[in-house]
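# Per-entry structural report
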Amino acid sequence: MSKVSFRCTMQEGQIDEATRERLADGLRQVTKGVLGESPDDIPVSFSDIPSGFGFRGGEPSTTSLVNGSIGGGVTQDVREELMRGICDMWMEISGCTVDELVVSARDA
């Protein structure tokens, strides 16, 4: 399988560094469980939208974006299982709701 990676984007100050580490570990564990990838081979990066630049409904955004890049040839069922696992894990660790999370898993 091709290399798997994740880029996570959220509003500046929304998620602290310790929580980011837990989320990165969670992404690696979910991916290992669904795709069988070694957690050591899954890069996860975080970027922030500067305060005052991200809004939703006229208020500062609380939405997290998790953009995954996975190997081609993954079936739709497996892709959906991966994204559901990521959603469940992210909501549990971050405390966000399903309406505050966007997850994608595009082909690398």
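Above this text is the structure in question.
Here the structure is a predicted model, which means the values were calculated and not measured.

Conventions adopted
Residues numbered from 1 in each chain as written. Predicted model: local features only at pLDDT ≥ 70, side-chain atom pairs only at ≥ 80, totals over all residues. Heavy atoms only, no water. Core = buried A, V, L, I, M, F, W, Y, C linked by side-chain atoms within 4.5 Å. Buried < 20%, exposed > 50% of the residue type's maximum accessible area, 1.4 Å probe, protein only. Helix = DSSP H or I, 4+ residues; strand = E, 2+ residues; numbered from the N terminus. Contact = heavy atoms within 4.5 Å. Pairing = 2+ DSSP bridges. Right-handed = clockwise from strand over helix to strand, strands pointing away. Axes fitted to C-alpha atoms, helices over the stretch in contact; angles between N-to-C directions. Parallel < 35°, antiparallel > 145°, perpendicular 65-115°, else oblique. Left-handed = near helix turned anticlockwise from the far one by under 90°. Nonpolar A, V, L, I, M, F, W, Y, C, P; charged D, E, K, R; others polar. Polar contact = N/O pair within 3.5 Å; in protein donor to acceptor, adjacent residues only side chain to side chain. Expected span 1.5 Å × (residues − 1).

## Details of the nonpolar core
By size, the foremost hydrophobic cluster in this structure holds 24 residues, and its most contacted members are F6, L27, V66, I86 and W90. Of all elements in the fold, only β1 (5-11), α1 (17-35), β5 (64-70), α2 (76-94) and β6 (101-107) reach the threshold of two or more residues within this core. If near-sequence neighbours (up to four positions away) are discounted, L27 is found in contact with F6, C8, V44, V66, I86, M89 and W90.

## Some remarks on the pairing of β5
Within β5, five of the seven residues are buried, which leaves the element mostly enclosed by the surrounding structure. Across seven bridges, β5 lies against β6 in parallel orientation. Pairing of I70 across the sheet is with D107, part of β6. In this fold, the crossover linking β5 to β6 by way of α2 has right-handed handedness.

## Things to note about the packing of α1 against α2
As a packed pair, α1 and α2 sit with axes 9 Å apart at the nearest point and diverge in direction by 155°. Considering the angle they form, α1 stands roughly antiparallel to α2. Like other packed secondary-structure pairs, α1 and α2 cross with a definite hand, here right-handed. On α2, the residues that touch T19, R22, L23, G26, L27, V30, T31, V34 and L35 of α1 are V78, E81, L82, G85, I86, M89, W90, I93 and S94. Among the residues forming the contact of α1 with α2, the class breakdown is 11 nonpolar, five polar and two charged.

## Remarks on the environment of Q14
Inspection of the secondary structure assignment puts Q14 in the loop between β1 and α1. With a relative accessible area of 28%, Q14 lands in the partly exposed category. Distance from Q14 to S94, taken between C-alpha atoms, is 9.5 Å for residues 80 residues apart in sequence. Once you skip the residues sitting within four places of it in the chain, Q14 turns out to touch S61, T62, T63 and S64. Among the polar contacts listed, one links the side chain of Q14 to the backbone oxygen of T62, at a separation of 2.8 Å.

## Looking at the sheet that holds strand β2 (residues 44-49)
Taken together, the four strands give an open sheet; going across it, the order is β2-β1-β5-β6, and neighbouring strands pair in mixed fashion. Only two strands of the sheet have a single partner each, and these edge strands are β2 and β6. Each adjacent strand pair in this sheet contributes to an overall mean axis angle of 15°, direction not counted. Packed on one face of the sheet, α1 meets β1, β2 and β5 and runs near 135° to β2. Each of β1, β2, β5 and β6 touches α2; the most contacted strand, β6, lies at about 150° to it.

## A short note on α1
In this model, α1 (19 residues) spans 26 Å end to end at C-alpha, consistent with the 27 Å of a helix rising 1.5 Å per residue. Here α1 has its buried residues at T19, R20, L23, A24, G26, L27, R28, V30, T31 and L35. In this fold, the buried residues of α1 make contact with β1, β2, β5 and α2. One side-chain oxygen of the residue at the start of α1 lies 3.2 Å from the amide nitrogen of A18, identifying that residue as D16. Positive phi shows up at G36, right after α1, with a value of about 80°.

Without other data, these values stay purely geometric and don't point to any function.
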